[in-house]
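The primary structure of each chain is shown beneath.
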Amino acid sequence: MRMPEVDQAVLARRDAIVAALRAIVPGEGVIDEESALRPYESDALTAYRQPPMVVVLPETVEQVAAILRWCHDNNVKVVPRGAGTSLSGGSLPLADAVLLGMSKFNRILAIDYRDRVAVVQPGVTNLAITKAVEGEGFYYAPDPSSQIACSIGGNVAENAGGVHCLKYGVTTNNVLGVEFVTIEGEVLRLGGRQLEPSGLDLLGIIVGSEGLLGVVTEVTVRILPRPETARALLIGFASVASAASCVTEIIASGIIPAGMEMMDKPAIHAAEAFVQVGYPLDVEALLIVELDGPSAECDHLIDEVQRIASGQGAVSCRASTSESERLAFWAGRKAAFPAMGRVAPDYYCMDGTIPRGRLVEVLERISALSTEHDLAVANVFHAGDGNLHPLILYDANNPGELERAEAFGSDILRLCVAVGGVLTGEHGVGVEKRDLMPVMFSESDLAQQQRVKCAFDPQSLLNPGKVFPVLHRCAELGRMHVHKGALPHPELPRF
Amino acid sequence: MMAVHRPTTIEALCEVVQTAAAGGTTLAIRGGGSKSAIGAPIGGADTLDMTAFSGLIDYVPADLVLVAGAGTPLARIEALVADRGQMLAFEPFDPAPLFGETRGRATIGGVLAAGLSGPRRLSAGGARDHLLGFEAVSGRGEAMSGGARVVKNVTGYDLPKLIAGSWGRLAALTSVTLKTLPRPRATATLAIEGLGPEQAQAAMDAAMASHAEIAAAAHLPASDGAPAYTLFRLAGFDPSVEARCTLLPALLNAHGQLVRLDAAHAETLWAEVRDVTPLMNDRALWRILLPPSHGGGVALGLNERGADWLIDWAGGLVWACHNDAEMVRGMAHAVGGHATLIRGSEPMRARTPFLDPPAAGVARLAERVRRAFDPAGVFETGRFLDQPDAH
């Protein structure tokens, strides 16, 4: 993975940079010893590692503003980091950049049950928000599988999803306001406790901007009353095609389940071997359908979905009758990723989204690609919204396998785009899918997105090397006109 | 003499915009014209008529996705999805009657550019949450697109969020990709009669904190002999709606007696809330967005100052008629909200920015974002009273 060229002049100033940061954040908040930098060298996409030049862990908004202002004035790059659980390398450090860690912003500032909001600092974990409000019967809906560790600031940066976003939306649908600091060190507030902002929806573009537009220092999220009941169905099918048509029929009947997950045979077997929750092993595809709401609704919809499933040729169907049984149904799905660790030394998780109607065709082609690249693949995915997570199994110790896995992954993502889908449904572009962006966007579309970046960060100091495959200078983008896909400025570095 | 341009292809639209940008002309984007009386009166702009970009492009009900030309009438889209048992869940509405004009001209592009959503926004999300993707021509005169046709997508910046509610200041929309949703099988409306705004707010707060899964909640004050109604809409599958029709009266027992309205009466009242029909008059009309618990208090304050009003979104939206801009905006700001001037006399609109001005730093950033799409200010018609450096 090619990253922006290291600026030796910045490295030569390292001592002065460390001293300047120490003047802003005293004590242990600045880390510059080589051994202490190691824990920050990657996020959850561990295939890519790079120790940062220096780590700074501010505790106040004033410190964040002073750090960014100093870096801006001194032309030093900044990589923001939340809990470091990104699966796309969103917080991969740069050798010549300051890594700005937000882990000390870990306080819940306010909870208001009448406005149904929680105001939290960005380092608060996703699950901690729910824990803080569950005593009053509320919860925070988006639930990425890393929710025990991932921070809400990182969720905002990545527009994180989760298994329940089919019904309750992703992060952007559940965030009402932020306080954020620009690269120039200006503290701005967007949105608030009301449902919509006045004027341009800048909050809408901050969410999912992968740390390229500013550093969020406070988040106001919507909290919801927890549904009265939740029940799940575990439905086995003799073919992926019949499971996929069951998904389509459920949606067509007007039911929006809280979650609807599919696993293919390799994923079912790996998960069952790992957690032994009683998944059927004689089926080709397994659906987990969760329904929530008033108990009358759950009971009614459980019957409806069972009726639809048997009409689509389900070979087994179990409805949860207790909370422990419901959780057992989910335990296998939630363990699917770690379970792969017992099947292969390494796995590579993809994240494309496709129109639901193309599911069967895409899975068949992924299977063909698996043969072509001679690497096994297991599929778990958010079937309700067409968000695939093919897990490519490989062994990094075998020369060339990582590269083959990456090539296989690229082919899957190209396939997703070719059928009308997208490169990433919830994990973000980061460094991982950066070079595939031109598969989905024309040169002029990418240029327009970079002009938005330039409006926030004209010197491209915030998280460079992520999201965009070509590093344009903002002044040139301002003048640029692209005609019929011709590539302007071929002299600019591509990485 | 101000010209009217009606391009029929994206290429022709690019040329119109490029020519205007090069010649220092400004363009007022126009769909059906149903919102042309919003904002400062426009003097010297050419009209960019987008009605040629009309028609259904693709609709896959099973994927819950619809693609249509931005100039397609809203009414046509609503009829199309209704035919398939679906709906635009953000409940857009045609504001023409607010200006004494006939309904039916509003286009889907105009609705999204204005970010207008109705009562169901409370539970289903707003226009911003249902715009999955778009195609447009930017102020640079370049064809561009954003988003995609799948519900779950984090590839690149979320430009559809920026476009929804941008009032045509970034780009002229040519097509929109929308999320559609199944129409609920059953709907019921329960109401408490005779509450004041703060009592109504307390009842709505209690309902929203409950398991009753309120689809919409609004309050209409008493008028012309009709009592005040605090309305709760429940929607979903029959057994669930019936169960909640039993649950909610028990939950709200302390707030008053809930009665189930007959369907036709309920439909009339919800249409009044959505279309703001009780406030069709000659006074200035404000759309005030608030932290929801403050809806009743703000309505009471406005009432004491002689305003007519109604409450939607369980308190998160107050519609009010009053000619004192400073007073209305002051009340909204005091609780962290903001107020949009939807209707006003020409002199009032000429001096009062219709969008509540944001803090200076945010305004500077928004200006930079606008210039990223429209460097020459070709869409800066003077309607917004906030662009000192545009021509």
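As the structure is a computational prediction, the values presented were derived from the model and not from experiment.

Each value, and the rule that gives it
- Sequence order as written defines the numbering, with residues in each chain counted from 1.
- Following the order in which they are written, the chains are lettered starting with A and the ligands numbered starting with 1.
- Only residues with pLDDT of at least 70 get local features here, since the model is predicted, and only at 80 or more are side-chain atom pairs given and counted; chain-wide, interface and lining totals rely on the full set of residues.
- By the criteria applied, helices consist of DSSP H or I runs no shorter than four residues and strands consist of E runs no shorter than two, each listed in order from the N terminus.
- Radius of gyration here uses only the C-alpha atoms, and the compact-globule reference equals 2.2 Å multiplied by the residue count raised to the power 0.38.
- The burial criterion counts other C-beta atoms lying within 10 Å of a residue's C-beta, which is placed from the backbone; the residue is buried at 20 or more, exposed at 12 or fewer, and partly exposed between these limits.
- Pairing between two strands requires that DSSP report at least two bridges joining them.
- The contact rule is simple: place each C-beta atom from the backbone, and if two of them lie within 7 Å, those residues are in contact.
- Note on geometry: axes are lines fitted to C-alpha atoms, helical ones only across the stretch in contact, with angles between N-to-C directions running from 0 to 180 degrees.
- The cut-offs work like this: below 35 degrees is roughly parallel, past 145 is roughly antiparallel, 65 to 115 is roughly perpendicular, and the gaps in between are oblique.
- By definition, any crossing whose near helix is turned counterclockwise from its far helix by less than a right angle is left-handed, and any crossing with a clockwise turn is right-handed.
- Under the scheme applied, nonpolar residues are Ala, Val, Leu, Ile, Met, Phe, Trp, Tyr, Cys and Pro; charged residues are Asp, Glu, Lys and Arg; polar residues are all the others, including Gly.
- Remark: nonpolar core denotes a set of buried Ala, Val, Leu, Ile, Met, Phe, Trp, Tyr and Cys residues whose joining runs through C-beta atoms within 7 Å.
- Here the limits of each domain have been adopted from an automatic or database domain assignment.

Caption draft 1: Representation of the overall build of chain B. Of the regular secondary structure elements, chain B holds 13 helices and 18 strands. Its C-alpha radius of gyration of 21 Å places chain B within 12% of the 21 Å reference for a compact globule of 391 residues. Principal-axis analysis of the C-alpha atoms gives chain B an extent of 65 × 50 × 35 Å. Counting the 391 residues in chain B, one finds 58% classified as buried.

Caption draft 2: Examining the sheet that holds strand 1 (residues 30-31) of chain A more closely. All names here are of chain A. The strand order 1-2-4-3 describes an open sheet built from 4 strands, whose pairing is mixed. The open sheet is flanked by strand 1 and strand 3 (77-81), the only strands paired with a single partner. Looking at chain direction, strand 1 and strand 2 (residues 54-56) are connected through 2 bridges and run antiparallel. Bridge pairing in strand 2 places V30 opposite V56. Across the face of the sheet, helix 2 (residues 14-24) comes into contact with strand 1, strand 2 and strand 4 (97-101) while running at roughly 10° to strand 2.

Caption draft 3: Region of the structure containing the packing of helix 9 (residues 240-252) of chain A against helix 14 (residues 359-373) of chain A. Residues and elements named next belong to chain A. At a minimum axis separation of 9 Å, helix 9 and helix 14 run at an interaxial angle of 150°. Here helix 14 runs roughly antiparallel to helix 9, going by the angle between their axes. Handedness of the crossing formed by helix 9 with helix 14: right-handed. Residue-level contacts link V240, A241 and A244 of helix 9 to L359, V360 and L363 of helix 14. Tallied by class, the residues present in the contact of helix 9 with helix 14 amount to 6 nonpolar, no polar and no charged.

Caption draft 4: Just the nonpolar core, in detail. Ranked by size, the top nonpolar core spans 211 residues in total, and within it V98, V221, L286, L287, V289 and I392 of chain A together with L173 of chain B carry the most contacts. Contacts of V98 of chain A, omitting those with residues within four sequence positions, involve L21, M53, V54, V56, C71, V76 and V78 of chain A.

Caption draft 5: Geometry of the domain arrangement of chain B. Residue and element names in this part refer to chain B. Examined at the domain level, chain B breaks down into domain 1 (1-183) and domain 2 (186-347). Each of domain 1 and domain 2 has a C-alpha centre, and the two are 28 Å apart. Between domain 1 and domain 2, the residue contacts involve 14 residues of the former and 19 residues of the latter. Within the side of domain 1 that touches domain 2, the residues separate by chemical class into 9 nonpolar, 2 polar and 3 charged.

Caption draft 6: Quick look at the domain arrangement of chain A. Residue and element names in this part refer to chain A. Here chain A is described as being made up of domain 1 (8-101), domain 2 (108-225), domain 3 (229-337), domain 4 (344-418) and domain 5 (441-479). The C-alpha centroid of domain 2 is placed 24 Å from the C-alpha centroid of domain 1. Listed by partner, the interface residues are 15 residues for domain 1 and 20 residues for domain 2. Considering each element in turn, the side of domain 1 that touches domain 2 owes the most residues, 7 residues, to helix 4 (residues 61-73). Here the side of domain 1 that touches domain 2 is built from residues that sort into 8 nonpolar, 6 polar and 1 charged.

Caption draft 7: Examining the sheet that holds strand 8 (residues 175-181) of chain A more closely. All names here are of chain A. With antiparallel pairing, 5 strands are arranged side by side in an open sheet as 5-6-10-8-9. Whereas interior strands pair on both sides, the edge strands pair on one side only; in this sheet they are strand 5 (108-112) and strand 9 (187-191). Between one strand axis and the next, the sheet turns by 15° as a mean value, whatever way the strands run. Here strand 6 (residues 117-120) pairs with strand 10 (residues 215-222) via 4 bridges, running antiparallel. Along strand 10, the bridge assignment pairs V117 with R222. Contacts from helix 5 (residues 126-133) reach strand 5, strand 6 and strand 10, with the element oriented near 130° to strand 6.

Caption draft 8: Molecular detail of the pairing of strand 17 (residues 377-382) of chain A. Residue and element names in this part refer to chain A. Among the 6 residues in strand 17, 6 count as buried, and that is most of the element. Covered by surrounding structure in strand 17 are V377, N379 and F381 together with A378, V380 and H382, the residues of both alternating faces. Where strand 13 (residues 259-264) lies against strand 17, 3 bridges are found, and the strand directions are antiparallel. Paired with M262 across the bridge in strand 17 is F381. Relative to strand 18 (residues 387-394), strand 17 runs antiparallel, the two being bridged by 6 bridges.

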